[in-house]
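# Structural characterization, general
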Amino acid sequence: MSEHDPNCIFCKIVEGKIPSKKVYEDDDILAFHDIHPWAPVHFLMIPKRHIASLAHAQPKDAEVLGRMMALVGELAMKEGARPYPEGGFRVVVNTGADGGQEVHHLHLHVIGGPRPWLKG
Ligand code: AMP
Ligand code: ZN
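Below you will find a few notes about this structure. Everything numeric here is computed off the predicted structure, so don't read it as measured data. (Residues numbered from 1 in each chain as written. Chains lettered and ligands numbered in written order. Predicted model: local features only at pLDDT ≥ 70, side-chain atom pairs only at ≥ 80, totals over all residues. Heavy atoms only, no water.)

### Here we look at the coordination of the zinc ion (ligand 2)
Condition: Donor atoms: N, O and S within 2.8 Å of the metal, or within 3.2 Å for Na, K and Ca. Because water is excluded, sites can look incomplete. A four-donor site is called tetrahedral if each angle lies between 85 and 135 degrees; a four-donor site is square planar, and a six-donor site octahedral, when trans pairs exceed 155 degrees and the remaining angles lie between 65 and 115; all other cases are labelled irregular. Strands here are runs of E lasting at least two residues and helices are runs of H or I lasting at least four, both read from the DSSP assignment and numbered beginning at the N terminus. For every residue, the accessible area obtained with a 1.4 Å probe (protein chains only) is divided by the maximum for its type, and the residue is called buried under 20%, exposed over 50%, and partly exposed between those limits.
Here the zinc ion (ligand 2) is held by Cys 8 (SG), Cys 11 (SG), His 50 (ND1) and His 105 (ND1), and the distances to it run 2.0 to 2.3 Å. Coordination at the zinc ion (ligand 2) is tetrahedral: its 4 donor atoms span angles of 104 to 115 degrees at the metal. In terms of primary sequence, the donors binding the zinc ion (ligand 2) are separated according to C-x2-C-x38-H-x54-H. Here His 50 is found in the loop between strand E3 (41–47) and helix H2 (62–79), whereas its partner His 105 is found in the loop between strand E4 (89–92) and strand E5 (108–112), with 55 residues between them in sequence. In this structure, His 50 and His 105 share a single accessibility class: buried.

Spelled out as structure tokens, the structure:
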């Protein structure tokens, strides 16, 4: 599988062909605001390399996926989530049709901020 799937909307965001409001970027990871936020804080984190879903993750992806998880807390606070334990945030990885996945490029939803939220 190539680095980027030409039909994938999140690969196009990685390549700068579709604009996004960036939260974080390094060589392997991009985080950007969800266009339809459910809560005061709602951004997505993706590996830049196209992985279709969490069901496709391989041992070689462990480093980037681990780094994503290790970064979530810091980015959530920067974006306005309140500190643990009174505050906190939710991380969701929709996977496949039963999991409610609409965009087939692995992404973490990071959702937080004061309630009420639109969903969840
Ligand atoms: P999922 O159901 O987990 O696949 O969710 C895909 C998410 O991507 C939804 O919450 C959408 O609002 C979001 N989304 C779709 N297109 C864009 C885009 N161009 N920029 C930012 N977020 C997007
Ligand atoms: Zn992609």
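What follows picks up the thread again.
### Some words on the sheet that holds E5
Stated formally: Two strands qualify as a pair provided DSSP detects at least 2 bridges between them. What counts as an axis is a line fitted to C-alpha atoms, over the stretch in contact for a helix, and the angles between N-to-C directions run from 0 to 180 degrees. By definition, residues are in contact when any of their heavy atoms lie within 4.5 Å.
Ordered by their spatial adjacency, 5 strands build an open sheet running E1-E2-E3-E5-E4, and the pairing between neighbours is antiparallel. Two strands bound the open sheet, and with one partner strand each, they are strand E1 (22–25) and E4. Across the sheet, the axes of successive neighbouring strands diverge by a mean angle of 20 degrees, strand direction being ignored. With 5 bridges joining them, strand E2 (residues 29–33) and E3 adopt antiparallel strand pairing. The partner of His 33 across the bridge, within E3, is Phe 43. Contacting E1, E2, E3, E4 and E5, H2 crosses the sheet at an angle of about 155 degrees to E3.

### A closer look at the environment of Lys 48
Considering the arrangement of structural elements, one finds Lys 48 in the loop between E3 and H2. Residue Lys 48 is classed as buried on the basis of its relative accessible area, which comes to 14%. Expressed as a C-alpha distance, the spacing of Lys 48 and Glu 79, which sit 31 residues apart in the sequence, is 21 Å. The contact partners of Lys 48, leaving out residues within four places of it in the chain, are Glu 3, His 4, Val 14, Glu 25, Asp 26, Asp 27, Asp 28, Ile 29, Leu 30 and His 105.

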